[in-house]
There are 2 protein chains.
Amino acid sequence: MTEHRAPYAPAAMERLLRPASVALVGASANPRSLGGRTLANLAKFPGRLFLVNPNQTHIDGRPCFADVASIPELVDCAVLAIPAQKTEEVVRQCAQARVGAVVVLASGYAETGTVEGLAAQTRLLQLAVAADMRLVGPNCVGVANMVHGLHAAFAEFPPSDPVPGCRIGLVSQSGALGLGLAQAAERGSSFSHVLTCGNSSDVDVADLVAFLGHEPACDAIALAFEGLESPGRLRQALIQVTRLGKRVALCKVGTSDAGRSAIRYHTATNPGGASQLDELRALPGVAVVERIEALIETAAFQAKAPPVRAGGVAVLSGSGGTGILAVDAAARAGVPTPQPRAGTFLALAAALPEFASPRNPCDATAQATRNPESVLACAEALLGDPDYAALVIPWGRSQTPALLPKIGDLGRRHAKPVCIVWMSQLLETDATACIERHPSLALFRSLDHCFQALAAWRSSGGTGPAISR
Amino acid sequence: MTEHRAPYAPAAMERLLRPASVALVGASANPRSLGGRTLANLAKFPGRLFLVNPNQTHIDGRPCFADVASIPELVDCAVLAIPAQKTEEVVRQCAQARVGAVVVLASGYAETGTVEGLAAQTRLLQLAVAADMRLVGPNCVGVANMVHGLHAAFAEFPPSDPVPGCRIGLVSQSGALGLGLAQAAERGSSFSHVLTCGNSSDVDVADLVAFLGHEPACDAIALAFEGLESPGRLRQALIQVTRLGKRVALCKVGTSDAGRSAIRYHTATNPGGASQLDELRALPGVAVVERIEALIETAAFQAKAPPVRAGGVAVLSGSGGTGILAVDAAARAGVPTPQPRAGTFLALAAALPEFASPRNPCDATAQATRNPESVLACAEALLGDPDYAALVIPWGRSQTPALLPKIGDLGRRHAKPVCIVWMSQLLETDATACIERHPSLALFRSLDHCFQALAAWRSSGGTGPAISR
């Protein structure tokens, strides 16, 4: 029924995602209950928080209101941590109280596949539409705007200390998937927002993406979605946000026949076809990742990468083997790795011992561990070569971590992306966290994911509006 | 020159890799020097360790010998932690002293690309061949036999507590790459051996693979190599070890044109062609991985997987989205995910609430977190269905980790592999380490790597000798 509307304008999402006041309906003193878990997450909200529970006078020293109507001021956003059978009445009360938005956590709606569930969801939507009140869910985990201090969800998204230039706005239809992706924060990734929409009866992924386009604290958008109920609206949202200078990495769940068939049994939404996905892929600034595991690293790369420029990619390694693996992955992704210009060759040769390889891939050899300055000199030479648009460094754990910020500074000065590919099977260390949080160094734990991200970045140049950042 | 010889027989490798006595030439009291680092690694060797350094009488309280000839007993293996210019003379002394094998750590040989380097390497080889003495290297990191307590390397391979049924024998031509792969031990992977051979003048990857075929403590072999100087010998070794019941995961470095060209500048070995790799891929029990990041997880799967049987793969998830992503990955890998038989369907339906999906993928939904018994009942039903040869479980971090060993027990009872695919972006936790160390649960951090490993496992059935385990 909402097929043809445009994505909601930022003003229409303001009370939902940047509320001044929040009401938690179903607040509970039991920390393991739905209401208790949501209260714990909302406790740090810097605006005005009102608890609603007719059976309590106080929780944790905070007064409880009997219902939303009793709250003495206008509520922007109400979070409904109550069972489905009580939800419709509370949504009606919220509409009457001119609440700006409701987040419905309860399950038991269209996702059950029953007529009753679909009918109940439709009634919620009708109440919200009639009151011009946004509705997130039902059957959703909730939303978090880290920049605003809003954590309106029953699941705990890990705390994220958003680093400017690194901040990912994550949008996920599925709550479970979004939760798994958001856990990248625990290894150093920065999130500005984690927004899930579950059954998407009113607010859907297109609306959430469109909202992020206007969020200055969001540097790039990561999107995972399953249904393509409104492919036109999603396309419109992606065009809007990329014109506003945001890059997007997206992963479509259900691209195979078996996957599309399973979607019909899961959310009964329209799984969409390959051609619809190809339309999204063709948008400049949009990278479609096939593997969910690549989504967050690709979005982090997009947050950090400077504007696209023409040229191939240089590889600088501390071991011959990893350099060769890198150009193998470049070939698979269709990314050229040309040989350096004569001047670059001479600069590399001057920086390296005779047994190293002043080529592309440039193998600084194990001497790089004892002579880190040679790595910096090679990085400077390769980044200074106008034939190279980006630098990839497969990183061995014995290499000197203190070099990393210096290499990042070189990348920033040359306005070219520098990708560090982690070649140790120990995937989480102090060094990886440091790279995740560096605005001029992109971290990948897979050579293929790195070169696929670079391929998408390169293909974004020239075919559409310039990325203005 | 060694193109046509067969892989060395186990007896010919015994003194190298299961020595009773080891001499460290170039032992040093300086813990940061080559000799000091190697000494630290060899210090726990349970056999007899002799230190050789003409300039010292004692190091750390141990007596030093002036040269190998002064050692009062026959030395099985000498580790040469000395510069290239001193190496040839010491190799000659080792040959005269009837040492069984030398490990040459020094660089400055064929890898320099110089005539002098190649000539010096050839002289080392001639000395070794004439004395029937094995030579590892030059330009290598060394070898470690964890089961034997031998750590004859200058780089520190992380300690591994090998768990029976999970133990990987790692063979890597490149030391740097091998070191990065061996760091999987720090997140719970089990290694029985880490064997590198650098320039491979005498002992090469084929010999090391063949040795592992006879090692009862090695459950599967992981192999990374660059040159295909002796493709016939490698093929012969792979046939030998798979007939002995070992499965092998291998990754060829340099499969693209750019990669093959870089090999010529790196080790100047024969990069081999796609057809030679395809010959290896066709061997039953051998899985060729394209991505180095998949090598260790694939080998661990092979170590744990029971004999191949016919059938498709069942997927059991705690969220609809991850189940759909799994069948998408299965489709990419060409692995069928058929629907359950009627009896299985009924068993799933009995175990699950109405809104869950008793199909394949089976979506136990978020209720699985509150009702872990339903997950066990579904796993039992799916593993009991003769149409399924294996079970894949995309695992959310909110799922109950205590279930994992119980699911592993079900897999063992049905003699079918159970693969857990980690769907959180936090990649290293207590739960992942627990899965790595469970002999009936294979862990993957990528859906594609999981289904590619299952595809290789399935294709190993029927086309060759049965895997006897």
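Residues numbered from 1 in each chain as written. Chains lettered and ligands numbered in written order. Predicted model: local features only at pLDDT ≥ 70, side-chain atom pairs only at ≥ 80, totals over all residues. Heavy atoms only, no water.

(A) The arrangement of the relation of the copies chain A and chain B in detail. In the superposition of chain A on chain B (RMSD 0.0 Å, axial shift 0.0 Å), the rotation amounts to 180°. The superposition operator between the copies reduces to a two-fold rotation axis. A high fraction, 100%, of the interface residues of chain A reappear at the interface in chain B, so the copies pair face to face through one surface. (Least-squares fit on C-alpha atoms with pLDDT ≥ 70 in both. Contact = heavy atoms within 4.5 Å.)

(B) Structural context of the pairing of strand 12 (residues 220-225) of chain B. All names here are of chain B. Most of strand 12 sits out of view: six of its six residues are buried. Of the two faces of strand 12, the one carrying A220, A222 and A224 and the one carrying I221, L223 and F225 are both buried. Pairing between strand 10 (residues 167-172) and strand 12: five bridges, direction parallel. Residue pairing for strand 12: S172 is matched across the bridge by A224. This β-α-β element, strand 12 to helix 7 (residues 231-243) to strand 13 (residues 247-252), shows right-handed connectivity. (Buried < 20%, exposed > 50% of the residue type's maximum accessible area, 1.4 Å probe, protein only. Helix = DSSP H or I, 4+ residues; strand = E, 2+ residues; numbered from the N terminus. Pairing = 2+ DSSP bridges. Right-handed = clockwise from strand over helix to strand, strands pointing away.)

(C) Up close: the environment of B:W422. All names here are of chain B. With respect to the element layout, W422 can be found in strand 18 (residues 418-422). W422 sits 23 residues away from R445 along the chain, and the two C-alpha atoms are 5.0 Å apart. Of note is the side chain of W422, whose polar atom sits 2.7 Å from the backbone oxygen of L426. (Polar contact = N/O pair within 3.5 Å; in protein donor to acceptor, adjacent residues only side chain to side chain.)

(D) Summary view of the pairing of strand 10 of chain B. Residues and elements named next belong to chain B. Among the six residues in strand 10, six count as buried, and that is most of the element. Neither face of strand 10 is exposed, since R167, G169 and V171 on one face and I168, L170 and S172 on the opposite face are all buried. Examined bridge by bridge, strand 10 and strand 11 (residues 190-196) share six bridges and lie parallel to one another. In the sheet register, R167 faces strand 11, and the bridge partner there is S190.

(E) Region of interest: the confidence of the model for chain A. Residue and element names in this part refer to chain A. Residues with a pLDDT of 70 or more make up 97% of chain A, whose mean pLDDT is 93. Here residues 462-469 scores under 50 on pLDDT; set against residues more than four positions off or in separate chains, the count is 15 contacts. With a pTM of 0.95, the predicted complex shows an ipTM of 0.94. (pLDDT = per-residue confidence, 0-100.)

(F) Seen up close, the sheet that holds strand 18 (residues 418-422) of chain A. All names here are of chain A. On the basis of which strands lie adjacent, the open sheet formed by five strands has the order 16-15-17-18-19 and parallel pairing. Lying at the two open borders of the sheet, with one neighbouring strand each, are strand 16 (362-363) and strand 19 (441-444). Here four bridges tie strand 18 to strand 19, and the two strands are oriented parallel to one another. Bridging across to strand 19, I420 finds its partner in L443.

(G) Representation of the nonpolar core within the structure. If you look at the biggest cluster of nonpolar residues, it comprises 55 residues, and the most contacted ones within it are A:F301, A:V392, A:F451, A:L454, B:F157, B:I292 and B:L295. When residues no more than four places from it in sequence are discounted, the contact partners of A:V392 are A:V313, A:A314, A:V315, A:L316, A:C419, A:V421, A:C450, A:F451 and A:L454. Grouped together as the second largest cluster of nonpolar side chains are 54 residues, A:I263, B:V392, B:C419 and B:L454 included. (Core = buried A, V, L, I, M, F, W, Y, C linked by side-chain atoms within 4.5 Å.)

(H) Examining the sheet that holds strand 19 (residues 441-444) of chain B more closely. Residues and elements named next belong to chain B. Taken in spatial order, the five strands make up an open sheet running 16-15-17-18-19, and their pairing is parallel. Each edge of the open sheet is held by one strand with a lone partner, namely strand 16 (362-363) and strand 19. Of the strand pairs in this sheet, strand 15 (residues 312-317) and strand 17 (residues 388-395) are connected by four bridges, and their pairing is parallel. Opposite V315, over in strand 17, you have V392 as the bridge partner. Together, strand 15, strand 16 and strand 17 form the strand contacts of helix 11 (residues 320-333), whose direction differs from that of strand 15 by roughly 160°. Strand contacts of helix 17 (residues 447-459): strand 15, strand 17, strand 18 and strand 19, with the helix running at about 170° to strand 17, the strand carrying the most contacts. (Axes fitted to C-alpha atoms, helices over the stretch in contact; angles between N-to-C directions.)

(I) Broad picture of the pattern of salt bridges. By the definition in use, this model includes 56 salt bridges over all chains. A salt bridge links A:R260 to A:D257, with the shortest nitrogen-to-oxygen separation between them at 3.2 Å. A residue pair is termed a helical-turn pair when its members lie 3 or 4 positions apart in one helix, as A:R260 and A:D257 do in helix 8 (residues 257-266) at three residues. Assessed through its relative accessible area of 18%, A:R260 is described here as buried. Among the residues examined, A:D257 registers a relative accessible area of 61% and is labelled exposed. The partner of B:R48 in a salt bridge is B:E73, with the nearest N and O atoms 2.8 Å apart. Separated by 25 residues along the polypeptide, B:R48 in strand 2 (residues 48-52) and B:E73 in the loop between strand 4 (62-65) and strand 5 (77-80) bring together distant segments of the chain. (Salt bridge = Lys/Arg side-chain N within 4 Å of Asp/Glu carboxyl O.)

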